[in-house]
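What follows is each chain in one-letter form.
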Amino acid sequence: MSTTFCSSVSMQATSLAATTRISFQKPALVSRTNLSFNLGRSIPTRLSVSCAAKPETVEKVSKIVKKQLSLKDDQKVVAETKFADLGADSLDTVEIVMGLEEEFDIEMAEEKAQKISTVEEAAELIEELVQAKK
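Let me sum up the structure you'll find in this document. Predicted model, so just to flag it, every value in this text is computed and none were measured. (Residues numbered from 1 in each chain as written. Predicted model: local features only at pLDDT ≥ 70, side-chain atom pairs only at ≥ 80, totals over all residues. Heavy atoms only, no water.)

The end-to-end C-alpha distance of helix H1 (residues 55-68), which contains 14 residues, comes to 20 Å, matching closely the 20 Å that a straight helix rising 1.5 Å per residue would cover. Those residues of H1 not exposed but buried are Thr-57, Val-58, Val-61, Ser-62, Ile-64 and Val-65. Seen from one end, H1 has its buried residues packed into an arc of 165°, which puts them on one side. Projecting away from the buried face of H1 at angles above 90 degrees are the exposed residues Pro-55, Glu-56, Lys-63 and Lys-67. Along its buried surface, H1 packs onto helix H2 (90-104) and helix H4 (119-133). Positive backbone phi, at 55°, marks Ser-70, one or two positions downstream of H1. (Helix = DSSP H or I, 4+ residues; strand = E, 2+ residues; numbered from the N terminus. Expected span 1.5 Å × (residues − 1). Buried < 20%, exposed > 50% of the residue type's maximum accessible area, 1.4 Å probe, protein only. Arc of directions from axis to C-beta. Contact = heavy atoms within 4.5 Å.)

Laid out in structure tokens, this is it:
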């Protein structure tokens, strides 16, 4: 069942001789199950998560992770990728950290290194340590 409503805008002009009334009407269709509005702009359908680390750092970390885990070149490793999802165990994670330390010429504290579970976390920690080193 639908109902049509009319909204109206009225303007009244007065002069000494006569009064003129102008009315504009615009119908609106309202259904009990569906009511929609056109906002005149597009709304994104996906949210984008951005990484605080530089894209270059994330790319380097991804390459090291692929190398340490002997992954195929076509396997996708992005910032949000978890080491566990790639099949890495705790020993693999230690090897990844050692590879990162060597590549970036840094030393990670053991307690911080143990908290790393994604490429993004590793890249952010690396950038933090590189900045502190300067």
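Resuming the write-up.
Moving on: the nonpolar core. If you look at the biggest cluster of nonpolar residues, it comprises 26 residues, and the most contacted ones within it are Val-61, Val-65, Phe-83, Leu-100 and Met-108. Every element with two or more residues in this core is listed here: H1, H2 and H4. Ranked by the residues each element gives to this core, the list is headed by H4, at six residues. If we ignore the near neighbours within four places in the chain, the residues touching Val-65 are Phe-83, Leu-86, Ile-96 and Val-119. (Core = buried A, V, L, I, M, F, W, Y, C linked by side-chain atoms within 4.5 Å.)

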